[in-house]
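Architecture at a glance
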Amino acid sequence: MDSEFTKDIAELLHLPRQKTLSFYIVFLTAVLPVWSVVPISWAFVAYSLLSASLWTYACLARLISGSSPHGPASLIELQSAFKRSLQAGLAFLPEDGSDEEGGVRPGSPTEDIIALDFDDPRAVDFRNYMRTWYGKVPWSSIRKHEVYAWLSWSIYNAPFPSLESLPEDEQEILRSAMSMLEKRAGIAIPDGSNPDSSPLLLTLDPINVAWRPFVWYAFIAVGNSVLRQYLKVKWRASIETGPHPIVFVHGLGLGLIQYNIFLTQLMEAIPDRPVLVPLHPHASQEIFHPRFLNPMNRHESADCLAGLLRELDWVEQHRADNGEKLDDEPKDGQRPTGVTMVSHSNGSFTHAWLLKAHPEMIYRSCFVDPVTFCSWEGDLCYNFIYRRCATGLELLMKYFVGMELGVANFLQRHFDWSANSLWFQDIPNACDPSKTKFFLGGKDDVVDAERVKRYLTSHGIRKGLWFDPHGRHGEALLSGGKGHKEILRWLREAS
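I will try to describe carefully the structure that is included in this document. As the structure is a computational prediction, the values presented were derived from the model and not from experiment.

Helix and strand content of the protein: 17 helices and six strands. Residues counted as buried form 50% of the 495 residues belonging to the protein. For the protein, the proportion of contacts with a sequence separation of at least 24, taken over those separated by at least 6, is 76%.

What follows deals with the side chain of Arg 298. You can see Arg 298 is positioned in helix α10 (residues 298-311). Look past the residues within four positions of Arg 298 in its chain and what remains in contact with it is Glu 77, Trp 353, Lys 356 and Ala 419.

Taken in spatial order, the six strands of this open sheet run β2-β1-β3-β4-β5-β6, and their pairing is parallel. Bordering the open sheet on either side are β2 (275-276) and β6 (465-468), each of which pairs with just one other strand. In the sheet, strand β3 (residues 339-344) pairs with strand β4 (residues 362-368) via six bridges, with the strands oriented parallel. Counted as the bridge partner of Val 339 is Ile 362 from β4. Helix α9 (residues 256-269) rests against β1 (246-249), β2 and β3 of the sheet, and its axis sits at about 170° to β1.

Our next topic: the pattern of salt bridges. Applying the stated criterion across every chain, the model contains 14 salt bridges. A salt bridge links Glu 394 to Arg 387; the shortest N-O distance between them is 3.8 Å. Neither residue differs from the other here; Glu 394 and Arg 387 are each classed as buried. A salt bridge links Glu 486 to Lys 437; the nearest nitrogen and oxygen atoms lie 3.3 Å apart. In this pair, Glu 486 sits in helix α17 (residues 482-492) while Lys 437 sits in strand β5 (residues 436-441), placing the two residues 49 residues apart along the sequence. Both residues of the pair, Glu 486 and Lys 437, belong to the buried class. Where salt bridges share partners, they join Asp 125, Glu 377, Arg 451 and Arg 454 into one cluster.

On to the pairing of β6. Taking every second residue as pointing to the same face, the buried face of β6 carries Leu 465 and Phe 467, while none of Trp 466 and Asp 468 on the other face is buried. Alignment of β5 against β6, held across four bridges, turns out to be parallel. Across the sheet, the residue bridging to Phe 438 is Leu 465, located in β6. In this region the chain leaves β5, passes through helix α16 (residues 449-458) and returns to the parallel neighbour β6; the handedness of that crossover is right-handed.

Here the focus is helix α14 (residues 405-413). Burial within α14 is extensive, with nine of its nine residues counted as buried. Those residues of α14 not exposed but buried are Leu 405, Gly 406, Val 407, Ala 408, Asn 409, Phe 410, Leu 411, Gln 412 and Arg 413. N-cap assignment for α14: the residue whose side-chain oxygen lies 2.9 Å from the backbone N of Gly 406 is Glu 404.

Three or four residues apart is the spacing at which side chains of an α-helix point the same way, because the helix has 3.6 residues per turn. When the terminal C-alpha atoms of α10 are compared, their 20 Å separation across 14 residues agrees well with the 20 Å that a helix rising 1.5 Å per residue should span. Every buried residue of α10 is listed here: Arg 298, Ser 301, Ala 302, Leu 305, Ala 306 and Leu 309. End-on view of α10: buried residues confined to an arc of 125°, all on one side of the axis. Where α10 is buried, its residues meet α4 (75-87), β1, β2, β3, α11 (347-357) and α15 (417-420). Sitting at the amino-terminal end of α10 is Asn 297, which places a side-chain oxygen 3.2 Å from the backbone nitrogen of His 299. Remark: Asp 313 follows α10 within two positions and exhibits a positive phi of approximately 65°.

Moving on, we get to the pairing of β3. Counting buried positions over the six residues of β3 gives six, a clear majority of the element. Here β3 shows a buried face lined by Val 339, Met 341 and Ser 343 and a second buried face lined by Thr 340, Val 342 and His 344. Note that β1 and β3 share four bridges and pair parallel. Residue pairing across strands places Val 249 opposite Ser 343, the latter belonging to β3. Viewed along the sheet, the connection from β3 through α11 into β4 turns out right-handed.

Attention now goes to the packing of aromatic side chains. Given two aromatic rings, their pairing is described by the distance between the two centres and the angle made by the two planes. Under the criterion given, the structure shown has 17 aromatic pairs. Between Phe 248 and Tyr 259 the ring centres are 5.4 Å apart and the planes differ by 65°, which places this aromatic pair in the edge-to-face class. Here Tyr 259 lies in helix α9 and Phe 248 lies in strand β1, a separation of eleven residues in the sequence. According to the relative accessible area criterion, Phe 248 is buried, its value standing at 0%. In this structure Tyr 259 comes out as buried when scored by relative accessible area, which is 4%. An angle of 15° between the planes, with centres 4.2 Å apart, marks the rings of Trp 376 and Trp 423 as stacked. Of the two residues, Trp 376 sits in the loop between β4 and α12 (379-386) while Trp 423 sits in the loop between α15 and β5, which places them 47 residues apart along the sequence. The exposure classification of Trp 376 matches that of Trp 423, with both residues buried.

Basis of the calculations
- Residues numbered from 1 in each chain as written.
- Predicted model: local features only at pLDDT ≥ 70, side-chain atom pairs only at ≥ 80, totals over all residues.
- Heavy atoms only, no water.
- Helix = DSSP H or I, 4+ residues; strand = E, 2+ residues; numbered from the N terminus.
- Buried < 20%, exposed > 50% of the residue type's maximum accessible area, 1.4 Å probe, protein only.
- Contact = heavy atoms within 4.5 Å.
- Pairing = 2+ DSSP bridges.
- Axes fitted to C-alpha atoms, helices over the stretch in contact; angles between N-to-C directions.
- Salt bridge = Lys/Arg side-chain N within 4 Å of Asp/Glu carboxyl O.
- Right-handed = clockwise from strand over helix to strand, strands pointing away.
- Polar contact = N/O pair within 3.5 Å; in protein donor to acceptor, adjacent residues only side chain to side chain.
- Expected span 1.5 Å × (residues − 1).
- Arc of directions from axis to C-beta.
- Phe/Tyr/Trp six-rings, centres within 6.5 Å; stacked < 30°, edge-to-face > 60°.

Structure, rendered in structure tokens:
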């Protein structure tokens, strides 16, 4: 089969020549009548189906391997987010916290970005976590060209050829960002380039995808569909318009198959309140869904969820069609509106998006293993995408979740760091433990839970934080655990 036609097919499909045998088998199986290849063995049929699966998966992987379909976000918003990320950790805030709702407490966004001394603890800490964006190489090996490349990605979502090749306005913005970064680091970054300290450019770097058979996706689709119908039928009779319905936003994985036990126990523990579970096809390996490779962005997701909450009459319309603010106080005899939002892991991005766009719709917030805090520090991207697996658990998580087609497409081609970052000041009633709760595990393999804890406690969170020093990612949702019991106890407290 090493003919010119084989070469043409390989070039046409952008496949290596050694893979064209699979294409031929699929082609012959589809085109030739069955009776013309009698007797045909079941092994040949199985191999043909497997080849078709491989070929289709390869085409889908190639489809998403190009550049990110989204351009840069609003420049003003990006500059604000970048400045806030540099300001985080500048203020001298006590880490023991206070949970004093409404109390006056200085926050990092009020701090000016001044040139720190090299040995200033704030500069040392900044340099240490900035190394994560460069594969955790020694700080001394990082050069200015690589930092400019990282800034170009984070601001413009674009590769960096050279500073001189860019338009004057972009050069000025990058120079200004470099100046602020050097002040925060307490040192001028040396000129030149060092390829060994190349930055992590999440939406520009080659995408990492691992193949899995379509029977796997078929099993997930059928399982989630059955569970969806089962839960709707089982709990339909108990759904009432109770106080503050619950919205649960799941993380990456298998959708309802993964969260079925937790959701069942949740509805058994709190039967007087309806529960909404928005299912995200890209996060639950629903490859047959039309939006599997086209996930909703921040604005589309927030507006879609807000519209659904209004349609369910769980929240009030706070703004008229002309944008004018309406009276948002419940009238006499009316129950207070707003939902209790519970998010796990990647679901905290959707949680953050709704908080930013429609904070009045969320009465209470519960973050379990949130990845939205301190995401500007790079641990999430490094641990989930770039880190070499050192344990069997890390290998399983990377293969079954991180390198799955829909997840890889979302994280490596649709990741928007500024939109995904949630700041303490964006959370209503963040210091009120009856309104906001955070669950973290000290052994989390996805995020640096200690740094997230430090960020939250430095802003006054104490009673609202449940921290398990030995807890792993997702452990708080496991039945029988202390974290699981605390989540259900907190949810029952709604008034």
